[in-house]
Structures are given as structure tokens and as C-alpha cells.
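Residue-level structure breakdown
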Amino acid sequence: METRKVQVTGGSTYTVSLPKEWATENGVDGGSVVEFHPEGDTLLLTPQRDEEKIKGTLDITGLEGEELMRAVVTMYVSGFDIVTLETTQVTAAQRRTIRDATQGLVGLEVIGETSERVRLQDLLDSSELSMHNAITRMRLVSTTMLADAVAALVDDDDELAADVVQRDDDVDRLWSMVSRVFRSVLRDPSAAAAIGLDRETAFDYHSSARQLERIGDHAAKVATHVQTLDEPPADTAEALEALLSEATDIVEMGMNALLESDSDHATELANDARQRVVRIDELARAADDTIRELEPQQAQLLGLVVDSLSRSADYGGNVAETALQNAAPKP
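These remarks concern the structure in this document. Note that the coordinates shown come from a computational prediction; the quantities given were computed from them, not determined experimentally. (Residues numbered from 1 in each chain as written. Predicted model: local features only at pLDDT ≥ 70, side-chain atom pairs only at ≥ 80, totals over all residues. Heavy atoms only, no water.)

1. Section: unusual backbone geometry
Our working definition: Under the scheme used here, helices are H or I runs from DSSP no shorter than 4 residues and strands are E runs no shorter than 2 residues, and both carry numbers assigned from the N terminus. Using a 1.4 Å probe on the protein chains alone, a residue whose accessible area is under 20% of its type maximum counts as buried, one over 50% counts as exposed, and one in between counts as partly exposed.
At Asp 156, a position not held by glycine, the phi torsion is positive, near 55°. On the secondary structure map, Asp 156 appears in the loop between helix H4 (131-155) and helix H5 (158-187). With relative accessibility at 36%, the residue Asp 156 sits in the partly exposed group.

2. Thoughts on H5
How we decide: Take the residue count of a helix, subtract one, and multiply by 1.5 Å to get its expected span. Any N or O atom pair separated by 3.5 Å or less is treated as a polar contact, with the protein-specific requirement of one donor-capable and one acceptor-capable atom, and with residues adjacent in sequence counted only for side-chain atom pairs.
Between its terminal C-alpha atoms H5 stretches 45 Å, which fits the 44 Å expected from 30 residues at 1.5 Å a residue. Measuring from the backbone nitrogen of Glu 159 back to the side-chain oxygen at the start of H5 gives 3.2 Å, which picks out Asp 157 as the cap.

3. Quick notes on the nonpolar core
For clarity, the threshold we go by: Buried Ala, Val, Leu, Ile, Met, Phe, Trp, Tyr and Cys residues form a nonpolar core when they are joined through side-chain atoms within 4.5 Å. Should any heavy atoms of two residues lie within 4.5 Å, those residues are considered in contact.
Val 72, Leu 120, Met 131, Met 138, Val 178 and Leu 309 are the most contacted members of the largest nonpolar core, which totals 89 residues. The contact partners of Leu 120, leaving out residues within four places of it in the chain, are Val 72, Asp 81, Ile 82, Val 83, Leu 85, Ile 98, Thr 102, Leu 108, Glu 109, Val 110 and Ile 111.

4. Structural notes on the packing of H5 against helix H7 (residues 199-224)
If you want to describe how two helices pack, look at the angle between their axes and the distance between the axes. For the record, the criterion: Every axis corresponds to a line fitted to the C-alpha atoms, with the helix fit spanning only the stretch in contact, and the corresponding angles, defined between N-to-C directions, vary from 0 to 180 degrees. Every angle not falling under 35 degrees, over 145, or within 65 to 115 is termed oblique; those three ranges are roughly parallel, roughly antiparallel and roughly perpendicular. Whether a crossing is left-handed or right-handed is set by the direction in which the near helix is turned from the far one by less than a right angle, anticlockwise for left-handed and clockwise for right-handed. Just so you know the grouping, Ala, Val, Leu, Ile, Met, Phe, Trp, Tyr, Cys and Pro go in nonpolar, Asp, Glu, Lys and Arg go in charged, and all remaining residues, Gly too, go in polar.
Orientation of H5 relative to H7, taken along the N-to-C sense of each, is 160°, at an axis distance of 9 Å. Taken together, the axes of H5 and H7 lie roughly antiparallel to each other. Read as a crossing pair, H5 and H7 show a hand that is left-handed. For the contact of H5 with H7, a count of residues per class yields 15 nonpolar, four polar and six charged.

5. Some words on the sheet that holds strand S6 (residues 82-86)
To keep things clear, this is the line we draw: By definition, two strands form a pair when at least two bridges between them are found by DSSP.
Across the sheet, which stays open at both edges, the four strands sit in the order S5-S6-S8-S7 with mixed pairing between neighbours. Of all strands in the sheet, those bounded by a partner on one side alone are strand S5 (55-59) and strand S7 (108-113). On average, each strand axis in the sheet is tilted by 25° relative to the strand beside it, whichever way the strands run. Docked against the sheet, helix H2 (residues 65-77) engages S5, S6, S7 and strand S8 (117-122), running at close to 160° with respect to S5.

6. Some points on the packing of aromatic side chains
Selection criterion: Planes of paired rings set the category: under 30 degrees apart is stacked, over 60 is edge-to-face and the rest tilted, where pairs are Phe, Tyr or Trp rings (Trp by its six-membered ring) whose centres lie within 6.5 Å. Whether a charge sits over a ring comes down to the Lys NZ or Arg CZ being within 6 Å of the ring centre and within 35 degrees of the ring normal.
The final tally for this structure, using the stated rule, is one aromatic pair. Judged by centre distance (6.2 Å) and plane angle (50°), the rings of Phe 182 and Phe 203 are tilted. Highlighted residues: Phe 182 in helix H5 and Phe 203 in helix H7, separated in sequence by 21 residues. Exposure remark for Phe 182: the relative accessible area of 8% places this residue in the buried category. Looking at Arg 180, its charged tip hangs above the ring of Tyr 76, at a distance of 4.9 Å from the centre.

7. What to know about a negative patch on the surface
The line we're drawing: Exposure above 30% relative accessible area and the lack of any salt bridge qualify a residue for a patch; like charges then connect within 9 Å, and the nonpolar side chains Val, Leu, Ile, Met, Phe, Trp and Tyr within 5 Å. Method for areas: the Shrake-Rupley scheme with a 1.4 Å probe, in which residue coverage is limited to the protein chains shown. The salt bridge definition used is simple: a Lys or Arg side-chain nitrogen within 4 Å of an Asp or Glu carboxyl oxygen. We count Lys and Arg on the positive side and Asp and Glu on the negative side, and we leave His and both chain ends out. For this purpose, a charge sits on NZ of Lys, CZ of Arg, CG of Asp or CD of Glu.
On the surface, a cluster of negative charge is made up of Asp 155, Asp 156, Asp 157, Asp 158, Glu 159, Asp 230, Glu 231, Asp 235, Glu 238, Glu 241 and Glu 295. Of all the elements in the fold, those that place two or more residues in the negative patch are H5 and helix H8 (234-259). The biggest single contributor to the negative patch is H8, with three residues. Inspection of the secondary structure assignment puts Asp 157 in the loop between H4 and H5. Overall, Asp 157 belongs to the partly exposed group, its relative accessible area being 30%.

Next comes the structure, spelled out in C-alpha cells:
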């Protein structure tokens with residue numbers, strides 16, 4: 001850390017010098033323009049840069065399937081606008097995987113291909129991407145998935161279960177987008193101004209989006225058991241629906257608290273959600289009691305369903321905890 005004394009020039013203008021080492025490293029010299037970004041009582045300073053696309057290159061030699069897909073997602077989330085994937089010979093399987101990966105990411109498109117490389121570009125401006133809209137959409141999709149997964153299980157509806165599994169891709173796509181925007185906010189203060197959020201709020205949204213993504217994963221997990229399981233007994237179905245209802249309410253209350261502008265009301269909602277998490281254990285035990293005497297394989301899989309619903313409630317409680325921190329007085 002370095003300190004500088006504020007000087008007064010011309011009787012009304014405040015000036016302060018920049019550390020020479022920092023200025024040199026960032027290409028700032030006489031005549032350069034810098035940007036100031038106020039955040040509460042903090043003032044962030046960055047060099048003004050041309051709006052150039054951030055380019056990255058990745059050697060994909062030997063990468064196939066899930067490993068290659070994760071590599072593409074990582075480059076996207078890291079904030080590269082143009083990604084060049086290179087190898088001595090791009091295989092047909094690699095091209096299919098790359099296309100599948102781009103279809104699962106908001107704004108990313110293939111813009112060029114040769115035998116040795118595939119070039120991707122994010123065609124959306126970060127300022128056009130709303131973290132608020134993304135987590136609101138994630139909330140709707142993940143909670144609906146959870147409800148439909150239990151409905152598919154209770155009604156032995158394989159078609160609905162398959163649809164739930166497919167919708168998990170929508171949640172993952174939004175999660176990757178939120179992660180990309182969040183990283184851009186950490187890297188560049190001007191990005192925060194572009195999306196209209198301070199960095200602390202962006203962090204809270206990112207943390208909560210992670211919880212919603214996990215709920216979507218558990219909904220898909222429940223749905224995958226539908227083909228194996230027969231329609232459960234009435235008392236088990238009733239217990240699962242009660243657990244689902246409470247878990248969904250906790251998630252909804254946590255999200256309402258996070259998005260509530262009135263700090264007192266947000267605190268009240270978040271505390272109510274956290275208190276209701278305690279009741280989840282009671283409902284989970286009640287559900288477990290109804291499946292104990294069932295055929296072993298069915299009991300085991302239904303136990304996993306109970307666990308997924310309980311964990312979803314916990315994730316809703318985590319959102320509520322984030323909302324409490326967001327609503328607390330700032331130091």
C-alpha cells in the first residue's frame with residue numbers, strides 16, 4: 001500500500017499523484033486518460049482502455065468428451081471474448097463436442113473452422129447481460145424442475161422426468177453466464193457500472209446462483225430415478241410432497257429476501273426461511289419412516305430422493321443467509 005497527500009490546486013481542484021511503478025506497468029503516462037468508479041466511500045481507478053476483444057488460445061490436443069466441454073466452458077467463464085481452440089487435427093468428435101458446448105453457453109458461437117483450429121466468439125455485450133434477470137430465471141426453472149421431478153415420481157411419468165433432466169441444461173447455461181459476468185466485474189470496475197450492480201451485490205447474486213444451480217442438479221437427480229422406481233405408496237407420496245412444499249417455500253423466501261430492497265423486510269424474510277430449515281429434518285424423518293419397510297432397492301432410491309429434497313432446502317437456507325448478510329448494515 002502507498003499513501004498520497006491530496007493537494008489543492010487553483011483554489012478548488014483536488015489533485016493526487018499516481019504511484020510511478022503502477023502507472024508504468026499499466027501504460028499510464030502524461031496525457032493518458034484514467035477512469036474513476038465510485039462505490040460508496042471507495043473510489044476505484046483504472047486506465048481507460050480501448051474496447052478490444054479479449055482473446056485466448058487453448059491447445060485441445062488429447063481433449064475429448066466431457067474434458068473438452070469443460071475446457072470450453074472454463075474459457076467462456078474466464079471472460080475471453082474470442083477463443084481459438086488449436087490442435088494438429090481437429091477430429092469430428094471434437095467438433096461435435098465443441099458445438100454442444102457452445103449451444104450450452106449464452107452468446108457463444110463458432111465463427112471459423114479449419115482442420116487445425118476452431119474459433120469461437122461471444123457475440124453478446126456484457127452490459128446486455130442482467131445478473132438479476134438470470135438468477136430470477138434460475139429460481140423459476142430450478143423450483144419448477146424440483147416440483148415436476150416429484151410429480152413425475154409420484155405419477156410414474158417417465159416423459160415428464162425426461163423433460164426435467166433436459167431443463168437442467170437451461171439452469172447450467174444461466175449459471176455459466178452469471179459466472180462469466182461476475183468474473184468480469186471482479187476484473188474490471190467498469191463492468192460493474194455497465195450491468196448496474198456494485199461488486200458486493202454481484203458477489204451475493206453469484207453465490208445464490210450457485211445454490212440454485214445445485215437445486216437444479218438435485219431435481220435432475222430425482223428425475224433420473226423415475227424410470228427405475230414404481231409409483232410409490234400413498235403415504236410415501238404424501239410425505240415427499242410435504243417435504244417438497246417446505247423445501248420450495250424456503251427457496252422462495254430466501255430469494256425474496258435477497259431481492260428485497262427494504263433491509264428490514266429482507267431480514268425478516270431471511271430469518272423466517274432459516275428457521276424453517278430446522279423443520280426439514282422432521283419432515284425428512286417422516287418420509288424415511290414411510291419407506292423403511294419397502295423393497296430394499298426402492299427404499300434406497302427413495303431415500304436418495306428424500307436427501308435431494310432436504311439438500312435443496314439447505315441451499316434455500318444458504319440463499320437466505322446471503323440475504324441476511326446483504327441486508328446487514330455496512331461498516
